[in-house]
Amino acid sequence: MKKLSLLTFGLVAALAAPILAAPAHAASDKGVVAGLDRYARPLSDLDALSEMTRDASIVGIGEVTHGSKELFTVRNRMFRHLVRDQGFTTIALEAPWSAGVRLDEYVRTGKGDLRTILREDFQHSYGFWQTKEWLDLYTWMREYNRTARDKLRVMGFDIGDVHPDQYGRVIAWAEKNKPAIVPDLRRRYADLLALPGGTAERMNAIAALPPERRKTLAENAEAAYRLVEKAPPIVAQEARVIAHMATMYTLDGPAMHSHRDKAMAENTWWWNRQTGLKTVAAAHNGHIGYVSAWPEMYPVTQGAHLRAMAGKSYVAIGTTIHGGRFRAIDPKTGKVGVFDTGAPGTGSSEHTLDKVGHRDYLVSLRQAGRNPAVRTWLDTARPTFTIPATYMPEMFTKPLALGKAYDSLIHLHRVKAADPL
C-alpha cells in the first residue's frame, strides 16, 4: 500500500514475443474475426455509441494505460458526443473528490487558473492526469458552459487525498447549523488537518505513519462522519469521503483495493442519484470493468459494484490497443518514463481484435456475442494488455475474458504517449 503505485491500477497483462499460430487456431480465429467484423463500427461513426448507451445513466469508459494520448482523446470525443446526443453532463474521473470540486467550479464559473489546479491537485499517483489531453477537455467544457443552459460538471470519485478545504466545508456547515458538535468535529479532524500541505506531501505523510496512528485517524474520521450523517446530502457525503480516505490508509493489498473500488463506485452512484445527471466515468479498465484480470489483488471492481447498484443503467466500455507507447512510473527510478507495449502474442485478445476490418473501431460485445463462436471467444480468458501506472513487465501475462468484463469495446491499432504539461 505504501508503494508509489498505491492509487493507480496495479496490474498489467500482455504477452511477450509473438509466436506462430497453428493452422487450427487460425481457422477458429477467422470465424471470430468475421463475427466481430459484422458489428464493428469505425470511430468516425459515433451513432453506434449512442445505440450502446441509450438506456444508460452512467457509462464507464476505460483506459488500458494511464498514459496514452489516443485513449484520452477518443474518450474526450465520446464524452462530447454523449453531451450533444444524449444529454450527458458529468465527467467523473479517477481523482480525489476535492480535486473534482475544484475542477467543477472552474468549468462552471471560470474561477481559478486551470493549469494551476492541475499542477496542485494532480500529484503523486494522480500526476498522470497532468496532460494536454485533459487540459483540452476542461477547456472545452468551460467554453461550452459559457452559453449552455445545462452546465457540464466534473466530479472526482477517488479517495486517495482530501484537500483541507473539504474539512472546512463540513465544519462551516456545523458552525452555522449545529454549533454544539463543532468542538468535537474539530478535534476529530485535527490530526488530518495537521498533515503537510500539498497533495503529494499529504499522501506520503499519512502513508508513512505507524499503523496504530493511521487507525486512530480513521476512527476519528468515521466518528466525525457520524456527527453529520443526518446533515444535507452534500455535507454528509464530503464527511463520508474523508472517512473512506482515512480508512483506506489502514488497509493493504486486496483489502485496500476492495475498499477503494467500492468507495469509488458509491461516490459515482451517489452523484448520479443526487444530481440526476448522466455521467461518464473515466478510469482504468481494471476499475470500470465487471471482472478483474488480477482477482487475487483486485477482488471486486468498481464496475461490478456499479452494476449491482445501478443495474443495466450502468454500461462498461473497455479499451484495447494492438500496441504503442505509454507513460508510466519506472520502478527503478521512481520517475515517469515512456515505454512501449511490444507486440501482442498469438492467442492474445489484441492479436485477434486487430484483424477486424477497421484500424480503430467500436464494437458492442453484447451484439457480437450473438454469434456462438464469438461468444465462446469473448468468454474465454486470454492474455490482454492491462497496463498499470507502474511499469511491471513481469506481470504481462494476466488473462481476461473480454465478454465478461465489458459491454462494448474500443480497439485502437496504435497509440502514442500522452503529452505532459
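Residues numbered from 1 in each chain as written. Predicted model: local features only at pLDDT ≥ 70, side-chain atom pairs only at ≥ 80, totals over all residues. Heavy atoms only, no water.

All right, on to the overall build of the protein then. For the protein, the count of helices and strands is 18 helices and 12 strands. Scaling as 2.2 N^0.38, a compact globule of 421 residues should have a C-alpha radius of gyration of about 22 Å, and the protein matches this with 21 Å. Projecting the C-alpha coordinates of the protein onto the three principal axes gives extents of approximately 75 × 50 × 35 Å. Across the 421 residues that make up the protein, the buried fraction comes to 58%. In the protein, once contacts between residues fewer than 6 apart in sequence are set aside, the share between residues at least 24 apart is 80%. Total accessible area on the protein is roughly 16,400 Å²; 53% of this is exposed by carbon and sulfur atoms. Here the protein carries 55 positive and 44 negative side-chain charges, and the mean point of each set is 2 Å from the other. (Helix = DSSP H or I, 4+ residues; strand = E, 2+ residues; numbered from the N terminus. Rg over C-alpha atoms; globule rule 2.2 N^0.38 Å. Buried < 20%, exposed > 50% of the residue type's maximum accessible area, 1.4 Å probe, protein only. Contact = heavy atoms within 4.5 Å. Areas by Shrake-Rupley, 256 points an atom, 1.4 Å probe, with all protein chains shown as cover. Lys, Arg positive; Asp, Glu negative; His and termini not counted. Charge placed at Lys NZ, Arg CZ, Asp CG, Glu CD.)

Regular strands place their side chains on alternate faces of the sheet. Taken across its 6 residues, strand β2 (residues 58-63) has 6 buried, putting it largely inside the fold. The alternating pattern of β2 places Ile58, Gly60 and Gly62 and Val59, Ile61 and Glu63 on opposite faces, both of which are buried. As judged from the 6 bridges shared by β2 and strand β5 (residues 279-284), these two strands associate in the parallel manner. Bridged to Val59 within β5 is Val280. Note: β2 against strand β6 (residues 314-321), 4 bridges, orientation parallel. Bridged to Val59 within β6 is Val315. (Pairing = 2+ DSSP bridges.)

Under the criterion given, the structure shown has 29 salt bridges. Among the salt bridges present, the one from Glu94 reaches Arg260, with a minimum N-O distance of 3.0 Å. With Glu94 in strand β3 (residues 90-96) and Arg260 in helix α12 (residues 253-275), this pair connects stretches of sequence that are 166 residues apart. For Arg260, a relative accessible area of 0% translates into the label buried. Residue Lys132 is joined to Asp136 by a salt bridge in which the shortest nitrogen-to-oxygen separation is 2.9 Å. One end of the pair, Lys132, and the other, Asp136, are both in helix α6 (residues 132-145), 4 residues apart, so they sit about a helical turn from each other. Among the charged side chains, a network of salt bridges with common partners joins Lys69, Glu133 and Asp419. (Salt bridge = Lys/Arg side-chain N within 4 Å of Asp/Glu carboxyl O.)

For helix α11 (residues 233-248), with 16 residues, the first-to-last C-alpha span of 22 Å sits near the 22 Å given by 1.5 Å per residue. In terms of burial, α11 is largely enclosed, as 13 of its 16 residues are buried. (Expected span 1.5 Å × (residues − 1).)

The next point concerns the environment of Ala263. Mapped onto the secondary structure, Ala263 falls in helix α12. Residues Ala263 and Gln302, 39 residues apart in the sequence, show an inter-C-alpha distance of 8.1 Å. The residues touching Ala263, leaving out its near neighbours within four places in the chain, are Phe157, Ile159 and His244.

Moving on to the packing of aromatic side chains. Tallying each qualifying case throughout the model produces 12 aromatic pairs. Positioned above the aromatic ring of Trp140 is the side chain of Arg80, whose terminal nitrogen or guanidinium carbon lies 5.2 Å from the ring centre. (Phe/Tyr/Trp six-rings, centres within 6.5 Å; stacked < 30°, edge-to-face > 60°. Lys NZ or Arg CZ within 6 Å of the ring centre and 35° of its normal.)

Glancing now at the nonpolar core. Membership of the largest hydrophobic core comes to 129 residues, with the highest contact counts inside it found for Tyr138, Met141, Tyr189 and Leu192. Counting residues per element, this core draws most heavily on α11, at 9 residues. Apart from the residues lying within four places of it in its own chain, the contact partners of Met141 are Phe79, Ile91, Val107, Leu152, Arg153 and Val154. (Core = buried A, V, L, I, M, F, W, Y, C linked by side-chain atoms within 4.5 Å.)

Moving on, we come to unusual backbone geometry. Of note, the phi angle at His124 is positive, near 55°, even though the residue is not glycine. For His124, the location among the structural elements is in the loop between α5 (114-121) and α6.

Let us look at the sheet that holds β2. Strands sit in the order β1-β9-β12-β6-β2-β5-β3-β4 across an open sheet of 8 strands; the sheet is mixed. Edge positions in the sheet fall to β1 (41-42) and β4 (153-158), since each of these pairs with one other strand and no more. Where strand β9 (residues 361-364) lies against strand β12 (residues 408-412), 4 bridges are found, and the strand directions are antiparallel. Among the inter-strand pairings, Ser364 is bridged to a residue of β12, identified as Ser408. Relative to β2, helix α3 (residues 69-86) is tilted by about 165°, and along the sheet it contacts β2, β3, β5, β6, β9 and β12. Across the face of the sheet, helix α14 (residues 302-310) comes into contact with β2, β4, β5 and β6 while running at roughly 155° to β6. (Axes fitted to C-alpha atoms, helices over the stretch in contact; angles between N-to-C directions.)

Another point: the environment of Val315. Looking at the element boundaries, Val315 is found in strand β6. What makes Val315 buried here is its relative accessible area of 8%. The spacing of Val315 and Gln123 is 192 residues in sequence and 29 Å in space, taken between C-alpha atoms.

Among the structural elements, Asp158 can be located in strand β4. Its relative accessible area of 0% is what places Asp158 among the buried residues. At a separation of 2.6 Å, a polar atom in the side chain of Asp158 contacts the side chain of Arg260. (Polar contact = N/O pair within 3.5 Å; in protein donor to acceptor, adjacent residues only side chain to side chain.)

Now for the confidence of the model for the protein. Per-residue confidence for the protein gives a mean pLDDT of 93; residues scoring 70 or more make up 93%. In the predicted structure, residues 1-6 sits below a pLDDT of 50 and forms 21 contacts with residues beyond four places in sequence or in another chain. Of the regions scoring below 50 in pLDDT, residues 10-27 engages in 54 contacts with residues more than four places distant in sequence or in other chains. (pLDDT = per-residue confidence, 0-100.)

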